[in-house]
Every structure is written in structure tokens, then in C-alpha cells.
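Listed below are the residues making up each chain.
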Amino acid sequence: MNNEYKNFIREDLAHARTQGLSEHKQTLLCEIEVLKSKLQPHDTGHIHTAINVLTERCKEIDTQIYSTD
């Protein structure tokens, strides 16, 4: 395999990975909105926790997408 082809494959895989992460993040953001709609004044601490965990995961995904590694 020549280097040009290897670079093409590497870039294609990186794009696919980034696309997959972006789609995953979008799914998480939709789930966060669903959870927010279920919040009540009392007894929904577990939902707040889930929202916080998913929000942090979205931040991690952003880091993965925009890292230069």
C-alpha cells in the first residue's frame, strides 16, 4: 500500500469516528431533553444525576472530537 492510500484510509476512518461521536452526542442531548421534561419539584434527584452524567459525557465527546491526536 502506498502512503497516499494509507493517509486516505486514515482520514476516512477519522472522519467516520468523528461522525459516529457526533451522532452519539446528538442522541445524548435528545435524552437529556427527555429527562428534563420529567423533572418534578421533589423526588427526582436521580433524574438530576442522570442529566449531569450525560452532560459530562457530552463534554468528553467534544474533547474527543476536537482533540488533535
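Relevant structure appears above.
The rules we used
Residues numbered from 1 in each chain as written. Predicted model: local features only at pLDDT ≥ 70, side-chain atom pairs only at ≥ 80, totals over all residues. Heavy atoms only, no water. Helix = DSSP H or I, 4+ residues; strand = E, 2+ residues; numbered from the N terminus. Buried < 20%, exposed > 50% of the residue type's maximum accessible area, 1.4 Å probe, protein only. Contact = heavy atoms within 4.5 Å. Lys, Arg positive; Asp, Glu negative; His and termini not counted. Charge placed at Lys NZ, Arg CZ, Asp CG, Glu CD. Salt bridge = Lys/Arg side-chain N within 4 Å of Asp/Glu carboxyl O. Axes fitted to C-alpha atoms, helices over the stretch in contact; angles between N-to-C directions. Parallel < 35°, antiparallel > 145°, perpendicular 65-115°, else oblique. Left-handed = near helix turned anticlockwise from the far one by under 90°. Nonpolar A, V, L, I, M, F, W, Y, C, P; charged D, E, K, R; others polar.

### Some points on the overall build of the protein chain
- Looking only at helices and strands, one finds 2 helices and 0 strands in the protein chain.
- When its C-alpha atoms are laid out on the principal axes, the protein chain stretches across 60 × 15 × 15 Å.
- The buried share among the 69 residues of the protein chain stands at 17%.
- In the protein chain, 52% of the contacts between residues at least 6 apart in sequence involve partners at least 24 apart.
- Across the protein chain, 8 positive and 11 negative side-chain charges occur, with their mean positions spaced 2 Å apart.

### Points about the pattern of salt bridges
- What the rule picks out here adds up to 4 salt bridges.
- Among the salt bridges present, the one from lysine 59 reaches glutamate 56, with a minimum N-O distance of 3.2 Å. One end of the pair is lysine 59 and the other is glutamate 56, both in helix α2 (residues 45–66) and 3 residues apart, which spans about a single turn.
- Taking relative accessible area as the criterion, lysine 59 reaches 46% and is therefore assigned partly exposed.
- Glutamate 60 is the partner of arginine 57 in a salt bridge, and the nearest nitrogen-oxygen pair spans 3.2 Å.

### Notes on the packing of helix α1 (residues 3–37) against α2
- At a closest axis distance of 10 Å, the pairing of α1 and α2 adopts a crossing angle of 160°. With respect to their mutual orientation, α1 and α2 come out roughly antiparallel. Between α1 and α2 the crossing geometry is left-handed. Every residue of α2 that contacts α1 at Arg17, Thr18, Leu21, Ser22, His24, Lys25, Leu28, Leu29, Glu31, Ile32, Leu35 and Lys36 is listed here: Ile47, Ala50, Ile51, Leu54, Thr55, Arg57, Cys58, Ile61, Asp62, Gln64 and Ile65.
- Of the residues belonging to the contact of α1 with α2, the class tally is 12 nonpolar, 5 polar and 6 charged.

Any link to function would need more than the numbers given here.
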